[in-house]
Amino acid sequence: MELLTRFTFVSACLFAEWAVTFIAVANCSISPSEMNGDSALKLPSAVIPVSQKSTLGSFYSLSLSSTFPEDLEVNEYCTELLRIYGQRYVTFANCLVTYARPVRVCQNCYTGFNSLEDIYKNISFDKSAPGNVSCHDSLMRSDRLMLLYTLFIKLDEIWTSAECKQCLNEDQDALSNDTLYFMATLNQSLSCFEQYQRNHTELCKDCKTSYKRLNEVYGRMEKNQMLCIDLEDAMNMTQHLWSKNFRCLLPREETVPVIAVSSFMLFLPIIFYLSSFLHSEQKKRKLIHPKRVKSSSSLMNIQDKFS
Amino acid sequence: MANIAKKVSWSGRGDDRGERTPLLNGDEEVKYNRQLSGGGIFHIGRLSTVDLEEEITPEEDIVRSRPKEIPHNEKLLSLKFESLDYDNSENQLFLEEERRMSHMGFRCLEIRRWVICGLIGFLTGLIACMIDIAVEKLAGYKYFAVKLNIEKYTELGGLSISLILWAVLNSAFVMFGAIAVAFVEPIAAGSGIPQIKCFLNGVKIPRVVRLKTLVIKVFGVICSVAGGLAVGKEGPMIHSGAVVAAGVSQGRSTSLKKDFKIFEYFRRDTEKRDFVSAGAAAGVSAAFGAPVGGVLFSLEEGASFWNQMLTWRIFFASMVSTFTLNFFLSIYHGKPGELSSPGLINFGRFDSDSVQYNLYEIPLFIIMGALGGVLGALFNIINYWLTIFRIRYIHRPCLQVMEAMLVAAVTATVSFAMIYFSNDCQPLGQDNTEEYPLQLFCADGEYNSMATAFFNTPERSVRSLFHNPPGTYNPVTLGVFTLAYFFLAVWTYGLTVSAGVFIPSLLIGAAWGRLFGILLSFIASSQSIWADPGKYALIGAAAQLGGIVRMTLSLTVILVEATGNVTYGFPIMLVLMTAKIVGDYFIEGLYDIHIKLQSVPFLHSDAPPTSHWLTAREVMSSPVTCFNRVEKVGRIVDVLSNTSTIHNGFPVVAHTSENDEPGKICGLILRSQLIVLLKHKVFVERASSRLSQRKLQLKDFRDAYPRFPPIQSIHVSQDERECMMDLTEFMNPTPYTVPQETSLPRVFKLFRALGLRHLVVVDNENRVVGLVTRKDLARYHVGKDGLEELHLAQT
């Protein structure tokens, strides 16, 4: 579980950076032709150096001067869609990064995801677009990069692997009741932990009931597949607190009886083999005398012959 | 002294009689003969040891001046084993039948052979599937119960109760399996691979291919694997496949007394043995998901009788078997039609990019191979002594059951103690590969790493050793586990339960191989190619298995197929070669040891290398009991019912003179044929009355196959004893013969290549002087100081 958390976190971070970088590049390549500069996205300042690093500057200045004929241009409606997509994308990516550690993405970013998904669907299933070319074709499928598609798919993958849908209700617009209940239980445990911060032995004894209930709730939800990364992470941290920080481990105090029973068991075969060696009758084989040709030609003679 | 023929006199007792080994004392021999022939009706002078068999009554023992008794050891040949009649008897009945059969008839036969092979594959796959599911369910219940119990008592205290519960559950499962094997069908014990090897070699092991054996085998293996013994279910699959083949091809079951009246043509040893090789291949293929490996296994074990069409049919059977298993398992797993989960043991995929290897790793692999050879030899040596002890002292069924139960209990105890005292805690995996993670004293969210190895069926443990990411096991855990499991596995193999040695060997090897990989990555600090211990686990598993069973070609292919990665073919081959070379230096393979200890007259692929000076004259049994072409019924009955010398083949001579001059050979007739003849009363005097009856056909011989009635059950009246019987029609008119001067390797080659049962030795006037059988050849083997000779013994 810890592994999962760590993995997701790292990949989320990596991806967020990567995505933002790409937005910048995309923005640069589109804006000269159609978009006006104002509608360009507000890029996080940290990312700008990355785009500046690119050595394509001379290429841009070239492309600025050239325009394509009307029918190949992206129409305005589509440009608007693109702009909204960009905004929502940034909002969502920003949210993901903000709540990456400790993981709270499902609780905080589901609105962002839903709106991004909406606009993506709008673009993909766009039928009512004025003009001949649908926005789906002109925005998503006109080049081999297929940027909008790739960007969305990556984020969608993250969302799926985080299993956030399992924590939300059926309409995906709020946290489910089970999730809320779990959080309430978790908070009880945590407040209990806080209460006994000083004395760990006390804590182990007194918070045990609430901790146990938390475990039960978690176990039940796990069985019903109602866990998402948020809950897993929270539980992970709690378990870590409980076992590693407060050292509420079960004592290994039965060593003597276990050793006694084990050595008794190990002793049995020795008795068994000894007794069967001493008491069981040894199995004997009766030799049979095979009939051979007269002894004159038996092995003995041949042996003599050779020696 | 170029060749020393050393007599082996293995006597645990004093040397009072050890000096005079019975094979040498010809004088004494003659004395017995006189005594017996003086006794009356038996023509002892013509008796030979063709195929001596079974009971010699106590009275005769006394006459034989107390035959020497020695403790059981490996240098014996048992009398209870006979050869298969692989060679076809081309008598007149056979020729007639062939003449009657149309061209279409032969076509149909060929088609029927294919149908049978398909059926063999199908049924074998089905059985494999059944075993798999049953084991999974039973082991699941057991581990679930124990896990709940352990969890409960970890908190409350009283873990020794969990220990006892585990031990009792194990023992109970194993008890059922052991009782079935020990009391109902002892031949079903062990993996069955030695027995099938013998059968393919041409030895008829009593009861080995019966339906009852199959049932006990399947039941036994389910019990022993579910009982948590250090065993696998793969070896028994091979045996099961063979039994299925032998049963299906005959179209009837004598155990159930049911005859389906189909496939009657195939009721002979020749056909049966071909089908059994197909069955064994199907078994391997179902067990490992390795159809080619299965074919090669049959090829390796039964290589002397082979042809192209047969190979192709065997391959068909193996493919069908894998396919069937896949199909039914896919239904069981709820994905009907998905055919990509092959084999009982699924090693999982080794993706080629995650576990690539480099040229500089080859020496490491070879070192691991050598290590595997040494460990395998150690395994075999310990198991050899243990098996001798078991044969000598633990031969009563109730003792055997008790032993098996004790082993089960101790296995549980050792596992529990290991888990209890292990401090190796690992975080629960991302994909939760552990079926039954035990927390015990680990922190919440972690599990006991020792428990993944011990608290699991062996197959799963192997898989987790192969595939779990680096860092899942710490070195100490692996070391302790290897040690404990090694001894448990040595101890377990040879118990009276049906169980195989493949999986435990793989598990031991995988454990130390993984350890090796981890240590390597410690030494070479760079995290490059060394990092993946799963690769070394695989190589270690191959080395250990190769060191124990010493199979070569087929094992390589099986492992390559089971891992689904051809790029590993080369290292696996190297490792198996090294393991075999190193291991053979110490002791032979486990299966060969067990074949020897069962005193089977097994013919290896070649005669002993220093045996060219031995001629057929020394090898053969002599004198030979012969029959005349037209023989008196009374004499035939007497010879057949002589219990002291049960022969199975009798040369038919033109005319035996009274003064014991050997006659000229004109044919060979088998005991089974004579019995059928006597049963149908085919006497010359009755020929006239028989005209009204139906003429005897080959079918009558086949109907009696494979269990011909004993001679005692055939009643021959005093009048009939005076009748004559004409054997001309029924004998094999052209038996293979060799002159007396033929060397042993020549005789051996003839035997091995043609699958002979009897080879008549003649002098230069074509008179019968002796008879060579399998036991006459198998008794020579190369020991520590040159050629040695094995004793014949009753077992």
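Only a predicted model underlies this, so the values are computations on that prediction, with no experimental measurement involved.

## Some words on unusual backbone geometry
Right, so step 1: Residues R101(A) and P102(A) are joined by a peptide bond in cis, for which omega reads -20 degrees.
Right, so step 2: Going from S622(B) to P623(B), the amide bond is cis rather than trans, its omega being -5 degrees.
Right, so step 3: Residue placement: P623(B) occurs in the loop between α22 (616-619) and β10 (627-628).
Right, so step 4: The phi angle at K681(B) is positive, at roughly 50 degrees, despite the residue not being glycine.
Right, so step 5: Assignment of secondary structure puts K681(B) in the loop between α24 (671-679) and α25 (687-692).

## Here we look at the domain arrangement of chain A
Residue and element names in this part refer to chain A.
Right, so step 1: When cut into domains, chain A gives domain 1 (73-167) and domain 2 (177-245).
Right, so step 2: Just the C-alpha atoms count here: the centres of domain 1 and domain 2 sit 35 Å apart.
Right, so step 3: Domain 1 puts 12 residues into the contact, and the matching count from domain 2 is 12 residues.
Right, so step 4: In total, domain 1 and domain 2 occlude about 930 Å² of area from one another, counting both sides; carbon and sulfur atoms represent 49% of this.
Right, so step 5: For the domain 1 face of the interface with domain 2, the top three residues by lost area are V103, Q166 and C167, together amounting to 51%.
Right, so step 6: Put simply, domain 1 and domain 2 have one salt bridge between them.
Right, so step 7: A salt bridge links D233 to R101; its shortest N-O distance comes to 3.1 Å.
Right, so step 8: Between the two partners, domain 1 and domain 2, sit eight residue pairs in polar contact (both at pLDDT 80 or more).

## Some points on the pattern of salt bridges
Residues and elements named next belong to chain B.
Right, so step 1: Summed over the entire model, instances satisfying the criterion amount to 31 salt bridges over all chains.
Right, so step 2: Across the pair R635 and E631 runs a salt bridge whose closest N-O atoms are separated by 2.7 Å.
Right, so step 3: R635 sits in the buried class, given a relative accessible area of 15%.
Right, so step 4: Several salt bridges converge on common partners, so that one network encompasses E110, R113, R268, E271 and R313.

## Observations concerning the UniProt feature "domain: CBS" (unreviewed entry) in chain B
Right, so step 1: Annotation from UniProt places "domain: CBS" (unreviewed entry) at residues 731-789 of chain B.
Right, so step 2: Span residues 731-789 of chain B is 27% helix and 37% strand, its end C-alpha atoms 33 Å apart.

## Structural notes on the UniProt feature "transmembrane region" (unreviewed entry) in chain A
Right, so step 1: The positions UniProt marks with the feature "transmembrane region" (unreviewed entry) are residues 256-278 of chain A.
Right, so step 2: Measuring from the first to the last C-alpha atom of residues 256-278 of chain A gives 33 Å, for a span that is 100% helix and 0% strand.

## Details of the environment of E300(B)
All names here are of chain B.
Right, so step 1: Note that E300 resides in helix α10 (residues 291-301).
Right, so step 2: Under the relative-accessibility criterion, E300 is labelled partly exposed at 28%.
Right, so step 3: As a C-alpha pair, E300 and L553 span 253 residues in sequence and 7.7 Å in three-dimensional space.
Right, so step 4: When neighbours within four sequence positions are excluded, E300 is seen to be in contact with M551, T552, L553 and S554.

## Structural notes on the pairing of strand β12 (residues 649-653) of chain B
Residues and elements named next belong to chain B.
Right, so step 1: Burial runs high along β12: five of the five residues are buried.
Right, so step 2: Of the two faces of β12, both are covered, the one formed by G649, P651 and V653 as well as the one formed by F650 and V652.
Right, so step 3: Direction of pairing for β10 relative to β12: parallel, over a ladder of two bridges. What sits directly across from F627, in β12, is V652.
Right, so step 4: Taken together, the five bridges between β12 and strand β13 (residues 665-670) define a ladder with antiparallel strand orientation. When the sheet's bridge partners are listed, P651 is paired in β13 with L668.

## Notes on the pairing of strand β19 (residues 786-789) of chain B
Residues and elements named next belong to chain B.
Right, so step 1: Sheet topology places strand β18 (residues 780-783) next to β19; four bridges connect them, and they run antiparallel. Within β19, the residue paired with H781 across the bridge is E788.
Right, so step 2: Two successive antiparallel strands, β18 and β19, enclose a turn made up of two residues.

## Side note on the domain arrangement of chain B
All names here are of chain B.
Right, so step 1: Taken domain by domain, chain B comprises domain 1 (113-333), domain 2 (359-598) and domain 3 (616-793).
Right, so step 2: Centre-to-centre separation of domain 1 and domain 3, based on C-alpha positions: 37 Å.
Right, so step 3: Residue-level contacts link 17 residues of domain 1 with 11 residues of domain 3.
Right, so step 4: When the two sides are added together, the surface that domain 1 and domain 3 hide from each other amounts to roughly 1400 Å², 39% of it contributed by carbon and sulfur.
Right, so step 5: Joining domain 1 to domain 3, the criterion identifies one salt bridge.
Right, so step 6: Measuring nitrogen to oxygen at the nearest pair gives 3.9 Å for the salt bridge that ties D703 to R267.
Right, so step 7: Taken together, the links from domain 1 to domain 3 amount to one residue pair in polar contact (both at pLDDT 80 or more).
Right, so step 8: Of all the secondary structure elements, the ones that give two or more residues to the side of domain 1 that touches domain 3 are β5 (203-204) and α9 (269-288).

## Thoughts on the packing of aromatic side chains
All names here are of chain B.
Right, so step 1: Under the counting rule described, the total for this entry stands at 41 aromatic pairs over all chains.
Right, so step 2: Judged by centre distance (5.0 Å) and plane angle (50 degrees), the rings of F288 and F502 are tilted. Placement of F288 in helix α9 and of F502 in helix α17 (residues 502-523) is noted, with a sequence separation of 214 residues between them. The burial state of F288 is the same as that of F502; both residues are buried.
Right, so step 3: A ring pair is formed by F627 and F650, whose centres lie 4.9 Å apart and whose planes are at 45 degrees; its orientation type is tilted. Of the two residues, F627 sits in strand β10 while F650 sits in strand β12, which places them 23 residues apart along the sequence. One exposure class covers both F627 and F650, and it is buried.
Right, so step 4: By the ring-pair criterion, three or more aromatic residues cluster together here, those being Y143, W166, F416, Y420, F421, F441 and F455.
Right, so step 5: Cation over ring: R268 sits above Y265, and NZ or CZ is 5.1 Å from the ring centre.

## Examining helix α3 (residues 92-100) of chain B
All names here are of chain B.
Right, so step 1: Within α3 the residues assigned to the buried category are L93, F94 and E97. For α3, the angular spread of the buried residues around the axis is 100 degrees, confining them to a single face.
Right, so step 2: The elements touched by buried residues of α3 are α26 (698-704).

## Side note on the side chain of S498(B)
Residues and elements named next belong to chain B.
Right, so step 1: Within the element layout of this structure, S498 appears in the loop between α16 (475-492) and α17.
Right, so step 2: A relative accessible area of 0% means that S498 is categorised as buried.
Right, so step 3: From its side chain, S498 meets the backbone oxygen of K217 in a polar contact 3.2 Å long.
Right, so step 4: Among the polar contacts made by the side chain of S498, one reaches the main-chain amide nitrogen of V221 at a distance of 3.1 Å.
Right, so step 5: The residues touching S498, leaving out its near neighbours within four places in the chain, are V181, A188, A189, G190, I216, K217, G220, V221, S224 and P236.

## Regarding the sheet that holds β13(B)
Residue and element names in this part refer to chain B.
Right, so step 1: Taking strand neighbours across the sheet as the criterion, the three strands line up as β10-β12-β13 in an open arrangement whose pairing is mixed. Both edges of this open sheet fall to β10 and β13, since each of them pairs with a single strand only.
Right, so step 2: Strands in contact with α24 are β10, β12 and β13; relative to β13, the strand with the most contacts, it is inclined by about 75 degrees.

## As for the packing of helix α7 (residues 211-226) of chain B against helix α8 (residues 234-250) of chain B
All names here are of chain B.
Right, so step 1: Following both chains from N to C, one finds α7 and α8 inclined at 155 degrees, their axes separated by 9 Å at the closest point. The angle between the axes of α7 and α8 places the two elements in the roughly antiparallel class. Crossing of α7 against α8: the hand is left-handed. Between α7 and α8, the residues in contact are L211, T213, L214, K217, V218 and V221 and P236, H239, S240, V243 and V244, respectively.
Right, so step 2: Tallied by class, the residues present in the contact of α7 with α8 amount to seven nonpolar, three polar and one charged.

## Observations regarding the state of the cysteines
Simply put, disulfide is the name for a covalent bond between the sulfur atoms of two cysteines.
All names here are of chain A.
Right, so step 1: Applying the stated criterion to the full structure yields five disulfides over all chains.
Right, so step 2: Linked covalently through their sulfurs, C106 and C164 form a disulfide whose S-S length is 1.9 Å. Because the sign of the S-S torsion sets the handedness, a value of about -75 degrees for the bond joining C106 and C164 places this disulfide among the left-handed ones. Pair noted here: C106 is in helix α5 (residues 105-124) and C164 is in the loop between α7 (147-161) and α8 (177-195), with a separation of 58 residues, a long-range link.
Right, so step 3: For C106, a relative accessible area of 0% corresponds to the buried category.
Right, so step 4: For C164, a relative accessible area of 0% puts it in the buried group.
Right, so step 5: Paired through a disulfide, C167 and C228 show a sulfur-sulfur distance of 1.9 Å.

Thresholds, definitions, all that
Residues numbered from 1 in each chain as written. Chains lettered and ligands numbered in written order. Predicted model: local features only at pLDDT ≥ 70, side-chain atom pairs only at ≥ 80, totals over all residues. Heavy atoms only, no water. Helix = DSSP H or I, 4+ residues; strand = E, 2+ residues; numbered from the N terminus. Domains from an automatic or database assignment. Contact = heavy atoms within 4.5 Å. Buried area = accessible area lost by both parts, 1.4 Å probe. Salt bridge = Lys/Arg side-chain N within 4 Å of Asp/Glu carboxyl O. Polar contact = N/O pair within 3.5 Å; in protein donor to acceptor, adjacent residues only side chain to side chain. Buried < 20%, exposed > 50% of the residue type's maximum accessible area, 1.4 Å probe, protein only. UniProt positions renumbered as here; feature names shortened; annotations may be inferred. Pairing = 2+ DSSP bridges. Phe/Tyr/Trp six-rings, centres within 6.5 Å; stacked < 30°, edge-to-face > 60°. Lys NZ or Arg CZ within 6 Å of the ring centre and 35° of its normal. Arc of directions from axis to C-beta. Axes fitted to C-alpha atoms, helices over the stretch in contact; angles between N-to-C directions. Parallel < 35°, antiparallel > 145°, perpendicular 65-115°, else oblique. Left-handed = near helix turned anticlockwise from the far one by under 90°. Nonpolar A, V, L, I, M, F, W, Y, C, P; charged D, E, K, R; others polar. Disulfide = S-S within 2.5 Å.

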